[in-house]
Structures are given as structure tokens and as C-alpha cells.
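Summary of the model geometry
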Amino acid sequence: MFSWLKRIFSGSEIPDTTNEATRKETIASSSTHSPSLHTQHVFLNDEEKLERYGQSRSHKKDDARWVLPGEKVTAHGFEIADGMVYVGNFLTAAPNGGWNADTPAPCLIRPSLKVASGVPQTNLDLGYWPSYTDITPNQRLTYLLWLASGKSDTSYPMGYPFLYFYGLERRLIADSPSIDEEVLLIAEVKRLRELFGHNSSFVNYSTELLNFVEMKHAVTDIPRVEAWKPELAALGNHMSPLLQAKLGLHALRGMPLDVDLAIAGILSLPPHLTGLWPRIATTRARPEFIELTRHRFNQKFPHGFRLRDKKESRLDLNYRSASQYLHSSIKFEGIDRLPDPAQLTWTKMIKLCEGAREDLSAFAKVVGKERERADSMAAALMLPAELGERETVRSFRDWLDNLPQPLADVPLEELGPRCFGSGKAASGLRQARDMSAILARVGYGMEPDPTYGGTKPGENIILFRIGDAQGQLISVGADFHTATLIMTAIGPAAKNMTLGSKLVDALATRLRLAPHETKRLTARLQLLPERLPTLGRLKTIVESAEPEQRTALASLAASVAVTIGETDQGMMVALERLYEAFGLGRWELYTVLHQGTATTASCASEPIVVEDDKSRRRGHRIPVPPSKAKSQDGIVIDMSKVGVILRETKEVEEILAPIYEDEASEIPISAAVVPTLERDARFLGLGPEQARLLEALVNQPEWTRSGFEAKARELGLMPDGALEAINEWAYDTFDEELIEDGDPLIINMALLADAPGASS
């Protein structure tokens, strides 16, 4: 700033205090690194040189030199073996002149500036737009060490390779190197881009530089411009000169753009012109966005996209440098005007890209900030079908198909990473529902499954095939919930797999379950505890059943028990508890059992065909005596034995009750009869008392502390305990806290959209 004022007031004696701390360093210092014998020039201290020649600081003379590729140079004892740096006392930062002509070039290594001694600190960041003149002596020591060690160490902060890159950029843009040297410089830029490809900023600037150098040679060679192809993976946040020129030439000549040019153009245009602001679908999912856009482009524009010229549009090709002060522009020879692509109409292309962006939003959300999650099943299944099935999906299906059939017991810690990627937990309710949806897409189901009324998975999950890939979850009917209730109530009494299979078959036949429902019921059988559910647990399970349905449900359970031939003491206890949970008397149970036995016995006393037309010539067959005839189901129940069992039931209950009361059911079941999944509890997994409290709280987003405590006590709850229980449920369900404690308490209403049954 003071240099600028001096040029205005040329006769005034205004001291230049710019970079005062830096100028103090220019006094020659004794460094532990002695000057190299290879140095061809002696660079005087700036202050000494100005004093010796009486030269004004506002008219500094460039005395620096460019060290050619392969040439050695030593600065403060550090030997830079392969050159490609500027060394000297002064080199202007603005080769074309201007108000900052007296500013030293950022890339210039100035031997007159102090360099620290001792061990370099390789973790010293240089900040944005570093300059050798402005960095500290410790940072200069580190930079010289990085140069002398081969310019390849990627563990240093990015400021050091950028400072070196500034010199290469200046040489290629501002100077006129020979063709042979330019080839070496371009190779060096490409080497750096390969080394530091993890830094998007460095990739963008290095690509811009290579494009501009290419453009400088192409100004007189239009076919060379036409042959150039953009690198879609290396696109920056603005349009490179070479891309501008190529798009402008196509518009000028009325030539349609191919898919690569069209995508490069739309992604490089300023967002305020296209509406394609940097959202997650075009940043986190850039490869998939390009792939999907390419697919749809080829369908919509089989002959290319035509970018129409506007005569008032004119393009100025300017180079945007990585360093702060370097500027350059290009003029085409033989072309009076080249249209600016940013001023032309991209409407149809924008609509196509907007559609692709929206369709990739779900995938991008799964990927999140971790690009490696793109290979997970959760991400792969979110991709539009147009992109085809990914190898991840095929491998996952192969793994499932090789599991034991028909049921496979798989640890959750193995299934979770396969669905969500390595290192990702799958222990919450939300993750369980996501796993269920993932499995359904490839034709499999799991139990326990919160989507179908099951609990949050424990250590193991039962997997089973439900048929061909369905593409979405298949809902279950009310009869499935009825079957599940009966299975939970009496299933543990069917003590072996043979009886358990008979129980499943009987329920499937009586309730006409679909094949996928039967398989799911079989999986639930595997998860049943060995002990019967307590009476209290049963009452919780059946309380949502309609009163008029309870008698029918209880009778169904008893008749199924008769059908499978399991009426020992354990089954009788199970049935009596179920009847009691429904509010029915034991005499009603005994009536059903007697009717079931009578029905079975009647099958044996029906008329028997002694002779028919076909057997007449073969003689007569003596029928089996009725007392030995088998029922239709292959079972004859001796009611005298049932009577003995009933008399012993009370004695058995006294023995078993203490054991059963300590055991809770592992499979909470939704309402016995509900039309669809939407009638499940709104806050599935939350205790009934806390659920009632939450039902009252969600009517408004904020509650005073006293109001909340009053509401909790009204429902017989301790306020702090209820708050903790609700938030623990929220963490399991949403991975977030639902109620923020304080005064007032704030409820995160947005989370409740994901609550089970919230849509109802």
C-alpha cells in the first residue's frame, strides 16, 4: 500500500513499512549452513544494494535467475539437485507491471533472508498464498529441506508444494522456455499432481496450468483444440480456458457437443447460471453423477447437445493463477470473436442434470463424507436401476446364497459391515430396518425384524430366502400377526423342532399364510425362548386385540394344540395363561379341547366304504375297528388323560410360576389382528408409560420444565427417569437425542417422522 502511495506522491519522503519484520531479516545473518560453492551469483542484501546504488525501492531491478531443470543450486547449505526454482534478491510478482510490481515474487528464494538453524519442523503450515519473503525463518528452513530432499515428501503441509508450484507456473506462463525445457516442466507438474492428488485444490490448479499451456500452443492450431478432451474427474469449480475455447468453437460453428463436453461445461459453469449448486449428489457422488448423466444424455441427445451461439457474446481467455499476482490472457489468431459459453443457453442440459442429481440424493446421503462407503450394500442399492447392478450387490447375493438353507444363523457383527461397510455399527432400530430393506432387495428376509413387529436384533440374526429379488419390503397381513401371537404364547411348549414345524404348518394352513409369511414364522420359531412368557407379558401382547376377537383367537390356539398332538403339562399351562390373558375362563379352554377331541374321534366313526365297483371282483375288506381308527390328522386324544393333566395343572403351576415370572418374552408381538403394518405402536420399543408421556409431549415443540414434570407425575412417572428412558429409546431409534433437557425442554420434532408407525 505504501509503495502505491509513493508512486502518487513521488516527491514525498514516505517511509516504506511494508513487511517491516521481513525486511529486518534481510540483514545478512550467520547461518549454520554455509553458502554453496556451486552458486554462480552473489546475491547482495536488499538494503545494502539499494544504499550502494542509491536506487529507489519503488524501482527495484529483477536480478534473480531461473535454475534450469537438472542444474544444481545451493541455498543456505541445502543443495537442490534438479533446479527448477528462482533464486535471487528480487523478482517482481507482476511481470506485466501494475501497482504490485515492487512486490517480490512468492516463489523467489532470497538468500539474503534469514533461515533458522537447528532441526527443521516439518509440521509448520504456511497458510494461504504463501510467499518465501513473508514466511518465518523456521518455515524457510523446512521449505529448503523439502526442496533438497527431492520435492516428493507428501507428509509436509500443502503450502510447501504449492510454493514450489508457483515457480513452475511462473516459468511456463510469464517466461518463454524452450520447447525441450517446457516438456520437462510439464512432466514435473504432472509428477506433482500425481503425488498430491489427494488435495483437490492442487489438482485443480495444476490441471488449469497444463490446459493453459496447451491453449497457448493451440491458438494457431484449431484442429489441436478440436482434438482435446476434458478430464471429467479433474474438473475444477470454474471453466478452464481450453474448455471455454472448445465450447465456444462448437457454438460458433453450430457443432453439437458430445457427452463429455456437455458434462464438463455444465459442471464448470457458475452455479448461479445453472442452478446446480454444489450439493452432495454432485460432490460426494461425482463419479455416479457423471455416469448417470452420461447414460441419460445418450438417450435424450443421441446426436449431441447443440449450444446455440449469441452474436453479442464474446470470450476473453484469461488464466487464473495459483499464485496471487500472476495474470495472462490468450487471443486466437484468425478468429475475430469467440462466444463465451457462460452466456449461452444450457436449459435442456440443466434439466437433465437436475434429474440425475435428485435421483442420486439418497445414494449421496448414504455415502456421507466417507467415499469408501460407496461400495457398501446400503449405498449400492440406492443407485438408480439404470446404472445396473454393482459388483457389491452380486457379491452380497452370492454370499447369501451360500449360507445354510432354509435358515441361516448369522452374527450381527458379520451382517452389519456387509450392509453398511467396514467399521459401521448396525445395532440400532434404524439400522435394523435398513438391513431389512437391503435384504428384501436381493430376495431375503431376517428375524428379528422391527419392520414386522420384532425387536431390535441381538448378537445373531436368522436369515432366510423369500424368493426372487423383490426390490422392496413385502408387507404381512393381519393373519401373520395372529400366527405370531399364538406362536409366542404356546410355541415354547412345543419342545422339539418336529412339533415346532407342525405348529408352523398348522398355523399356516388354518390362517392361509403366504409363503414368505410362513418362512418368517419359521424363523421366529427359532428365536423363541425355552420358557413360556409370563402372564404379565402375555397381557401386554394381547391387550390391543379387539374384545370380540379374543375368544376366537384363544380357541384357535387351543385347536392348533390339539391338531399337533401336544397337550402335556407345559402346553396346558401355556394355553391356560393365554386364556387368562384374554380374560377368558379355564372352562372355555376345556370346552374347546373337548370339542377338538370329539371332532377328531368322529373322523373314525364315519361310514366306511366296504365295497365299491372297482373292488367288487376282488372280494371284501374288513374295516379297522373304530377304537383303533386314526383321525384325519393322525392323532387321537384320550380325554381321560387330559382330565388327569387338568387335575395336575394347579400343582404344576405352583412349581413353574416362580420360574416363568422371571422370564420375559424375547419376541414382543404387535396387535393380534391389525390390517397392516401401519397400525403398530407409534413409538415401537418404548415402554407403554413412557410412550403415553411422549404422545402427550409431541403436541408442542417446547415445554417448560415445570409443565413437563407435572405431565410425567400425572402419568405416575418420575420426570428425570422418564426423560432418560425416552432419550435412550431415541438414541436406539434415531442415533440422536429427542428431547433437549433444560428450561424449556425442546423436542426435536423432525426426528419423529422416522418413528415406527409415525405415518399413522
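**Quick look at the nonpolar core**
- In this structure, Ile109, Trp346, Met349, Phe396, Leu415 and Leu463 are the most contacted members of the largest nonpolar core, which totals 128 residues.
- Sort the elements by how many residues they give to this core and helix 5 (residues 159-174) lands first, with nine residues.
- Apart from residues lying up to four places away in sequence, Met349 is in contact with Ala262, Ile263, Ile266, Thr293, Phe297, Phe301 and Phe305.

**Quick notes on the environment of Gly368**
- Here Gly368 is to be found in the loop between helix 15 (361-367) and helix 16 (377-380).
- A C-alpha to C-alpha distance of 9.2 Å links Gly368 and Ala285, two positions 83 residues apart in sequence.

**Focus: the sheet that holds strand 8 (residues 444-447)**
- The strand order 7-9-8 describes an open sheet built from three strands, whose pairing is antiparallel. On the outer flanks of this sheet lie strand 7 (407-411) and strand 8, each paired with one strand and no other. Geometrically, the sheet is characterised by an average inter-axis angle of 30 degrees between neighbouring strands, direction not taken into account.
- This element, helix 18 (residues 412-420), spans strand 7 and strand 9 (460-465) of the sheet and lies at about 85 degrees to strand 7.

**Some points on the packing of helix 13 (residues 286-300) against helix 14 (residues 347-359)**
- Running from N to C, helix 13 and helix 14 point in directions that differ by 135 degrees, and their axes come no closer than 9 Å. Comparing the axis directions of helix 13 and helix 14 gives the class oblique. Every pair of crossing elements has a handedness; the one defined by helix 13 and helix 14 is right-handed. Along the contact surface, helix 13 presents Phe289, Leu292, Thr293, Arg296, Phe297 and Lys300, while helix 14 presents Met349, Leu352, Cys353, Gly355, Ala356, Arg357 and Asp359.
- Partitioning the contact of helix 13 with helix 14 into residue classes produces seven nonpolar, two polar and four charged.

**A short note on the environment of Ile747**
- Along the chain, Ile747 falls in strand 12 (residues 745-747).
- Using a relative accessible area of 5% as the deciding quantity, one classes Ile747 as buried.

**Some words on the side chain of Thr133**
- Tracing the backbone shows Thr133 in the loop between strand 4 (85-87) and helix 4 (137-148).
- Given the relative accessible area of 4%, Thr133 is considered buried.
- In this structure the side chain of Thr133 is engaged in a polar contact, spanning 3.2 Å, whose partner is the side chain of Arg110.

**Some details on the sheet that holds strand 11 (residues 739-740)**
- The strand order 10-12-11 describes an open sheet built from three strands, whose pairing is antiparallel. At either margin of the open sheet sits one strand with a lone partner, and together these are strand 10 (702-703) and strand 11.
- Of the pairings in the sheet, the one linking strand 10 to strand 12 comprises two bridges and is antiparallel in character. Paired with Glu702 across the two strands is Ile746, which belongs to strand 12.

**Points about unusual backbone geometry**
- Of note, the bond from Gln405 into Pro406 is cis; its omega dihedral lies within 30 degrees of zero at 5 degrees.
- Here Pro406 shows up in the loop between helix 17 (391-401) and strand 7.
- Residue Glu447 is joined to Pro448 through a cis peptide bond whose omega torsion reads 0 degrees.
- Positioned with a positive phi, Trp129 is a non-glycine residue whose angle comes to about 50 degrees.
- Turning to its location among the elements, Trp129 is positioned in the loop between strand 4 and helix 4.

**Considering the packing of aromatic side chains**
- Under the defined criterion, the tally for this structure stands at 16 aromatic pairs.
- Ring geometry for Tyr156 versus Tyr160: centroids 5.9 Å apart, planes at 85 degrees, classification edge-to-face.
- Cluster of aromatic residues (ring-pair linked, three or more members): Phe162, Phe165, Tyr166, Phe196, Phe202 and Tyr205.
- For Arg170, the ring lying beneath its charged end belongs to Tyr86, and the centroid distance is 5.7 Å.

**What about the packing of helix 18 against helix 19 (residues 429-441)?**
- Between helix 18 and helix 19, whose axes approach to 11 Å, the crossing angle comes to 70 degrees. It follows that helix 18 is roughly perpendicular to helix 19 by the angle criterion. Crossing of helix 18 over helix 19 shows left-handed handedness. When helix 18 is examined against helix 19, the residues Leu412, Leu415, Gly416, Cys419 and Phe420 are found in contact with a partner set consisting of Gln431, Asp434, Met435, Ile438 and Leu439.

**Observations concerning the confidence of the model for the chain**
- Model confidence for the chain is summarised by a mean pLDDT of 75, while 76% of its residues fall at 70 or above.
- Within the chain, the lowest mean pLDDT, 33, falls on helix 1 (residues 2-8), and the highest, 95, falls on strand 4.
- Scored below 50 in pLDDT, residues 648-653 shows 10 contacts in the model against residues more than four places distant or in partner chains.
- Between residues 756-760, whose pLDDT stays under 50, and residues either more than four places distant or in other chains, the model counts 14 contacts.

**Focus on helix 24 (residues 547-564)**
- With 18 residues, helix 24 should cover 26 Å at 1.5 Å per step; its first-to-last C-alpha distance of 27 Å lies within 8% of that length.
- Turning to helix 24, its buried residues are Leu553, Ala554, Leu556, Ala557, Ala558, Val560, Ala561, Val562 and Ile564.
- Gly565 lies just past helix 24 and shows a positive phi near 75 degrees.

**Overview of the pairing of strand 8**
- Side chains of strand 8 alternate between two faces, with Tyr444 and Met446 and Gly445 and Glu447 buried alike.
- Bridge count for strand 8 against strand 9 is four bridges, and the pairing is antiparallel. Within strand 9, the position partnered with Met446 by the bridge is Leu463.

**Digging into the pattern of salt bridges**
- The tally for this structure, following the rule as stated, stands at 21 salt bridges.
- Here Glu414 ties to Arg418 by a salt bridge, and the two come within 3.8 Å at their closest N and O atoms. Remark: Arg418 and Glu414 occur in helix 18; sequence separation between them is four residues, near one turn of the helix.
- Overall, Arg418 belongs to the partly exposed group, its relative accessible area being 35%.
- One salt bridge in this structure joins Glu709 and Arg705, with 3.0 Å as the shortest N-O distance. One end of the pair, Glu709, and the other, Arg705, are both in helix 29 (residues 705-714), four residues apart, so they sit about a helical turn from each other.
- The class of Glu709 is partly exposed, set by a relative accessible area of 22%.
- Overlapping salt bridges bring together Glu447, Asp449, Arg520 and Arg524 as one network.

Thresholds, definitions, all that
Residues numbered from 1 in each chain as written. Predicted model: local features only at pLDDT ≥ 70, side-chain atom pairs only at ≥ 80, totals over all residues. Heavy atoms only, no water. Core = buried A, V, L, I, M, F, W, Y, C linked by side-chain atoms within 4.5 Å. Buried < 20%, exposed > 50% of the residue type's maximum accessible area, 1.4 Å probe, protein only. Helix = DSSP H or I, 4+ residues; strand = E, 2+ residues; numbered from the N terminus. Contact = heavy atoms within 4.5 Å. Pairing = 2+ DSSP bridges. Axes fitted to C-alpha atoms, helices over the stretch in contact; angles between N-to-C directions. Parallel < 35°, antiparallel > 145°, perpendicular 65-115°, else oblique. Left-handed = near helix turned anticlockwise from the far one by under 90°. Nonpolar A, V, L, I, M, F, W, Y, C, P; charged D, E, K, R; others polar. Polar contact = N/O pair within 3.5 Å; in protein donor to acceptor, adjacent residues only side chain to side chain. Phe/Tyr/Trp six-rings, centres within 6.5 Å; stacked < 30°, edge-to-face > 60°. Lys NZ or Arg CZ within 6 Å of the ring centre and 35° of its normal. pLDDT = per-residue confidence, 0-100. Expected span 1.5 Å × (residues − 1). Salt bridge = Lys/Arg side-chain N within 4 Å of Asp/Glu carboxyl O.

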